[in-house]
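# Report on the structure
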Protein chains: 2
Amino acid sequence: MSPFGFELLKSEGAARLGRLGTAHGAVDTPAFMPVATQGSVKSLTPTDLRGAGAQIVLANTYHLFLRPGHEVVRDLGGLHRFMDWDGPILTDSGGFQVFSLARLCTVGDDGVEFRSHVDGSSRLLSPESSIEIQQALGVDIIHPLDECLAHPASERDTERSLALTLRWLARSLAAHRKGDGGQALFGIVQGGVSEGLRRRAVEETCALGLDGYAVGGLAVGEPTALMYDLTDLVTGLLPAARPRYLMGVGKPLDLVESVARGVDLFDCVLPTRNARNGQAFTRDGPLSIKQARFVRDAAPLDRECPCEACRRFSRAYLRHLFMTRELLAYRLLSLHNVTFYQGLMAEMREVLAGGRFGAFRARFLQGYGVKSGGSEDNPRDTEA
Amino acid sequence: MSPFGFELLKSEGAARLGRLGTAHGAVDTPAFMPVATQGSVKSLTPTDLRGAGAQIVLANTYHLFLRPGHEVVRDLGGLHRFMDWDGPILTDSGGFQVFSLARLCTVGDDGVEFRSHVDGSSRLLSPESSIEIQQALGVDIIHPLDECLAHPASERDTERSLALTLRWLARSLAAHRKGDGGQALFGIVQGGVSEGLRRRAVEETCALGLDGYAVGGLAVGEPTALMYDLTDLVTGLLPAARPRYLMGVGKPLDLVESVARGVDLFDCVLPTRNARNGQAFTRDGPLSIKQARFVRDAAPLDRECPCEACRRFSRAYLRHLFMTRELLAYRLLSLHNVTFYQGLMAEMREVLAGGRFGAFRARFLQGYGVKSGGSEDNPRDTEA
């Protein structure tokens, strides 16, 4: 029997305060999962992640399948022990990365044949093998293989793709049921930008009574307003008693707006990827540490931030490290951004507990939202 | 008055146990200085360095002169505050890097004209400006500009070069005396591979009664046996009451052999640079984490090492991180290697205190020395 559970503690409008239970501990929601693409949140240790307040991380099935291989991870005691993260881990199905990274993808009913982006070797990812890989990794929350269409796609292509994803889901569930029961399987709601197909996706996915529901196929290039509308639509149809995970989202503003629409779980490479590009998130909006105005700036990135980068170093020093390509720059900016994201989620949980989410959201929109120039592009991408 | 001092606590043969005093705290010798080339020991924080046991770090004048500029560092409160390292800092003069990194060096009595390797700008490093830069950085131990000849050099070139270095030394000392007195100035003994010139260098440098003496012009490509012999020669001539610093050395075996010859201070990029190339130092000799034999190796790098890399991760995981170019690989291997070096120095201090250095040295030569294949090349280099 799966130790997985979800408790809905409180709601304010569509926004929800909750708690996920897993064999590796609890996760307070809404929660943001730092992305440990290849079994490591780039430049950070598990101790750093705990210090930043992270309770759960995401790892990519596609990457771990290719390197070091799921059997290696299994033989070494599973992904928790391999990466020394004793909290919950969620994996995607590998679908998104296959379609965005691999070469010569051929999609058939069987699955996806592709060539590895690492060594060009020929590989197959099927609904069954994706589940088997995730079982070998031994993570807490797994996902069924789904087809990820590029945006824009025609209604006809989207319908064909959704049908495939749903057929794969049935096979994934069968494979999942052969497992040891220690894992939760989430369904992935696809359906592109079509309201009708999204409705059908929710209906057919939820009919299977899964442990939670991911919203897929968003943050793939569509306008932000459309992403918000589709999120609204889908969360409005999903059962309240199960957690909702918006895959690959997003910017700070997107997190607040999606929590307002009933999302419980997020992941995105933005905090770490942007750190490596010199962008730091702060309460006053993002800043680019490359800018000349920071040359002699003795202030920390963010005066209120408790992270080591802010407690110990000036913007001037961080800029110097970044401009001279010192590895410590990427580490300190990553630590800061992950801390910022975790702090934002903690603040949302706090205002939800106090029934003040609406006021918080309005303030955030006026403050951070305006300063960050809104949310015009979608950051979903892989970090490898 | 300089707060600098050196206490010789104990000797065993030529090997010495001592203690440096500086305004930023004491350093137990023999000591190894991790290299913070650009004001950062690559990928590590000051907390990491303290945890590894480091008491003093080295920074490169040439690099900080070019970026961010010594005036910026001075205006931000000096290098200690800039990099948030509250222990002692030693800087070189910039000479070695100018000759190895800069373009179009022209050496004259005035100093060295060169083009920056960063932006091609035309720059001058003179005996006076080198001291002024180091004063602006506010570090504890500084060095006079010296000419670093490539190996091999003729006796005639070496003699001409030594004469220049000695003229520059007199000017450096004059500039140093205009400072606030908070810094110690070490002399640098040059003289190439010529016994006569090394003798002359020691004599004329020591006549100035400096705070300590560095041995320069070694570990630049000469055979290791010759490096050991020249170290022997020079330390045998230096005053016992002053610390001796062997610049740019070296491998673990070189450290033991140089301590045996009376050296107190070392620096080298080896622990961090080799970490980034996948080499880990262990009690059983160095290992390359790239090797396929580590794919499923659940053991730590070194069972006795107290560092986070060894306490928490397997060789298999570290190999995976390295093969997938994860930034965490460089960080964890650097932390391990710096910890290994500091542990080796601590062990040498311990056996010196107990009068057991001779036995330790013999054991080390038979153990680590044999396994590491001896010490055939010289690692001195810059990390930028």
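Rules used in this analysis
- Residues numbered from 1 in each chain as written.
- Chains lettered and ligands numbered in written order.
- Predicted model: local features only at pLDDT ≥ 70, side-chain atom pairs only at ≥ 80, totals over all residues.
- Heavy atoms only, no water.
- Helix = DSSP H or I, 4+ residues; strand = E, 2+ residues; numbered from the N terminus.
- Rg over C-alpha atoms; globule rule 2.2 N^0.38 Å.
- Buried < 20%, exposed > 50% of the residue type's maximum accessible area, 1.4 Å probe, protein only.
- Contact = heavy atoms within 4.5 Å.
- Areas by Shrake-Rupley, 256 points an atom, 1.4 Å probe, with all protein chains shown as cover.
- Least-squares fit on C-alpha atoms with pLDDT ≥ 70 in both.
- Pairing = 2+ DSSP bridges.
- Axes fitted to C-alpha atoms, helices over the stretch in contact; angles between N-to-C directions.
- Phe/Tyr/Trp six-rings, centres within 6.5 Å; stacked < 30°, edge-to-face > 60°.
- Lys NZ or Arg CZ within 6 Å of the ring centre and 35° of its normal.
- pLDDT = per-residue confidence, 0-100.
- Salt bridge = Lys/Arg side-chain N within 4 Å of Asp/Glu carboxyl O.
- Buried area = accessible area lost by both parts, 1.4 Å probe.
- Polar contact = N/O pair within 3.5 Å; in protein donor to acceptor, adjacent residues only side chain to side chain.
- Parallel < 35°, antiparallel > 145°, perpendicular 65-115°, else oblique.
- Left-handed = near helix turned anticlockwise from the far one by under 90°.
- Nonpolar A, V, L, I, M, F, W, Y, C, P; charged D, E, K, R; others polar.
- Right-handed = clockwise from strand over helix to strand, strands pointing away.

Right, let's get into the overall build of chain A. Counting its regular elements, chain A contains 15 helices and 17 strands. Computed over C-alpha atoms, the radius of gyration of chain A comes to 20 Å, within 12% of the 21 Å expected from 2.2 N^0.38 for 384 residues, which places it in the range of a compact globule. Based on the C-alpha atoms only, the size of chain A along its principal axes is roughly 60 × 45 × 40 Å. Taken over 384 residues, chain A has a buried fraction of 61%. When contacts within chain A are restricted to residue pairs at least 6 apart in sequence, those whose partners lie at least 24 apart make up 68%. Surface accessibility of chain A: about 13,600 Å² in total, with carbon and sulfur atoms responsible for 48%.

Now for the side chain of Thr-29 of chain B. Residue and element names in this part refer to chain B. Following the sequence through the fold, Thr-29 ends up in strand β3 (residues 25-29). Residue class for Thr-29 comes out buried when judged on its relative accessible area of 0%. Beyond its immediate sequence surroundings of up to four residues, Thr-29 is in contact with Phe-6, Arg-16, Leu-17, Gly-18, Arg-19, Leu-20, Asp-264 and Arg-349.

When chain A is brought onto chain B, the operation consists of a screw motion whose angular component is 180° and whose axial shift is 0.0 Å, with 0.0 Å RMSD remaining. Here the transformation between the copies is reduced to the relation of a two-fold axis. Of every C-alpha in chain A, the one belonging to Leu-327 of chain A sits nearest the axis of rotation, 3.9 Å from it. Mapped onto chain B, 100% of the interface residues of chain A are again interface residues, and the two copies thus contact each other with one and the same surface.

Extensive coverage of helix α13 (residues 315-323) of chain A is indicated by the burial of 8 of its 9 residues. Residues Arg-315, Ala-316, Tyr-317, Leu-318, Arg-319, His-320, Leu-321 and Phe-322 of chain A constitute the buried set of α13 of chain A. Considering only its buried residues, α13 of chain A is in contact with α11 (270-276), β17 (287-288), α12 (308-312) and α14 (327-353) of chain A together with α2 (61-66) and α4 (79-83) of chain B. At the C-terminal side of α13 of chain A, Arg-325 of chain A shows a positive phi close to 55°.

So, on to the sheet that holds strand β9 (residues 112-115) of chain B. All names here are of chain B. Taken together, the 3 strands give an open sheet; going across it, the order is β8-β9-β10, and neighbouring strands pair in antiparallel fashion. Two strands in the sheet have a free side with no partner beyond their single neighbour: β8 (103-107) and β10 (122-125). Averaged over all adjacent pairs, the angle separating strand axes in this sheet is 20°, with direction ignored. Alignment of β8 against β9, held across 3 bridges, turns out to be antiparallel. Within the sheet, the bridge partner assigned to Arg-103 lies in β9 and is Arg-115.

On to the packing of aromatic side chains, then. Tallied over the entire structure, the rule returns 26 aromatic pairs over all chains. Ring geometry for Phe-340 of chain A versus Tyr-341 of chain A: centroids 6.4 Å apart, planes at 65°, classification edge-to-face. Considered together, Phe-340 of chain A and Tyr-341 of chain A belong to a single accessibility category, that of buried residues. Their ring planes at 25° and their centres at 5.2 Å tell us that Phe-313 of chain B and Tyr-317 of chain B sit as a pair that is stacked. Accessibility assignment for this pair places Phe-313 of chain B and Tyr-317 of chain B in one class, buried. Feature note: the residues Phe-32, Phe-281, Phe-340, Tyr-341, Phe-357, Phe-360, Phe-364 and Tyr-368 of chain A constitute an aromatic cluster, connected by ring pairs. When the ring centre of Trp-85 of chain B is taken as reference, the NZ or CZ atom of Arg-50 of chain B above it lies at 4.3 Å. The positively charged end of Arg-123 of chain B is found above the aromatic ring belonging to Phe-65 of chain B, 5.2 Å away from the centroid.

A separate point is the confidence of the model for chain A. Any segment with low pLDDT has predicted coordinates that should not be analysed in fine detail. All names here are of chain A. Overall, the predicted model of chain A reaches an average pLDDT of 95, with 96% of residues at or above 70. Within the model, pLDDT remains below 50 along residues 375-379, and this stretch shows 20 contacts once partners closer than five positions in the same chain are excluded. The complex model carries a pTM of 0.97, and its ipTM stands at 0.96.

The next subject is the pattern of salt bridges. According to the stated counting rule, one finds 37 salt bridges over all chains in the structure shown. Ionic pairing is found between Asp-232 of chain A and Arg-261 of chain A, a salt bridge with its closest N-O pair at 3.6 Å. With Asp-232 of chain A in helix α9 (residues 224-237) and Arg-261 of chain A in the loop between α10 (252-259) and β15 (265-267), this residue pair connects regions lying 29 residues apart in the sequence. For Asp-232 of chain A, a relative accessible area of 37% translates into the label partly exposed. For Arg-261 of chain A, a relative accessible area of 13% corresponds to the buried category. A salt bridge links Arg-167 of chain B to Asp-109 of chain B; the shortest N-O distance between them is 2.6 Å.

In many analyses, interface size is given as the accessible surface area lost on bringing the parts together. Facing 40 residues of chain A, the contacting portion of chain B comprises 40 residues. A combined buried area of about 3,500 Å² lies between chain A and chain B, and 55% of that area is made up of carbon and sulfur atoms. Its salt-bridge partner being Arg-296 of chain B, residue Asp-75 of chain A comes within 2.2 Å of it at the nearest N-O pair. Here chain A is connected to chain B by 26 residue pairs in polar contact (both at pLDDT 80 or more). Going through the elements one at a time, α1 (46-52), α3 (70-75), α4 (79-83), α12, α13 and α14 of chain A are the ones with two or more residues in the side of chain A that touches chain B.

All names here are of chain B. Here 3 strands make up an open sheet; going across it, the order is β1-β2-β3 and the pairing antiparallel. Edge positions in the sheet fall to β1 (5-12) and β3, since each of these pairs with one other strand and no more. On average, each strand axis in the sheet is tilted by 10° relative to the strand beside it, whichever way the strands run. Across the face of the sheet, helix α14 (residues 327-353) comes into contact with β1, β2 (15-22) and β3 while running at roughly 115° to β2.

Looking now at the packing of helix α9 (residues 224-237) of chain B against helix α10 (residues 252-259) of chain B. Residues and elements named next belong to chain B. Close contact between α9 and α10 brings their axes to 10 Å; oriented N to C, the two are set at 30°. With respect to each other, α9 and α10 are oriented roughly parallel. The chirality of how α9 crosses α10 is right-handed. Judged by residue contacts, Thr-224, Met-227 and Tyr-228 of α9 engage Leu-253, Asp-254 and Glu-257 from α10. Of the residues that constitute the contact of α9 with α10, the class distribution is 3 nonpolar, 1 polar and 2 charged.

Looking now at the pairing of strand β3 (residues 25-29) of chain A. Residues and elements named next belong to chain A. Judged from the 5 bridges that link them, strand β2 (residues 15-22) and β3 form a sheet pairing that is antiparallel. In the strand pairing of β3, Gly-18 is matched with Thr-29. Hairpin remark: β2 followed by β3, antiparallel, with 2 residues in the connecting loop.

A separate point is the packing of α10 of chain B against helix α15 (residues 357-371) of chain B. All names here are of chain B. It is at 11 Å that the axes of α10 and α15 come closest, and there the two elements cross at 155°. One element, α10, and the other, α15, form an angle in the roughly antiparallel class. The two elements α10 and α15 meet at a crossing, and its hand is left-handed. Side by side, α10 and α15 meet where Pro-252, Leu-253, Val-256, Glu-257 and Val-259 of the first sit next to Phe-357, Phe-360, Arg-361, Phe-364, Leu-365, Tyr-368 and Gly-369 of the second.

Residue and element names in this part refer to chain A. That bond from Val-249 to Gly-250 is cis: its omega, 5°, falls within 30 degrees of zero. Examined against the element boundaries, Gly-250 turns out to sit in the loop between β14 (244-246) and α10. The phi angle at Ala-219 is positive, at roughly 55°, despite the residue not being glycine. Its location among the elements puts Ala-219 in the loop between β13 (212-215) and α9.

All names here are of chain B. Counted residue by residue, strand β12 (residues 184-189) has 6 buried out of 6 residues, so it is predominantly covered. Here β12 shows a buried face lined by Ala-184, Phe-186 and Ile-188 and a second buried face lined by Leu-185, Gly-187 and Val-189. Across 2 bridges, strand β11 (residues 141-142) lies against β12 in parallel orientation. Pairing of Ile-142 across the sheet is with Leu-185, part of β12. Here β12 runs beside strand β13 (residues 212-215); their pairing, made up of 4 bridges, is parallel. Among the inter-strand pairings, Phe-186 is bridged to a residue of β13, identified as Gly-212. The β-α-β motif built from β12, the intervening helix α8 (residues 195-206) and the parallel element β13 has right-handed crossover chirality.

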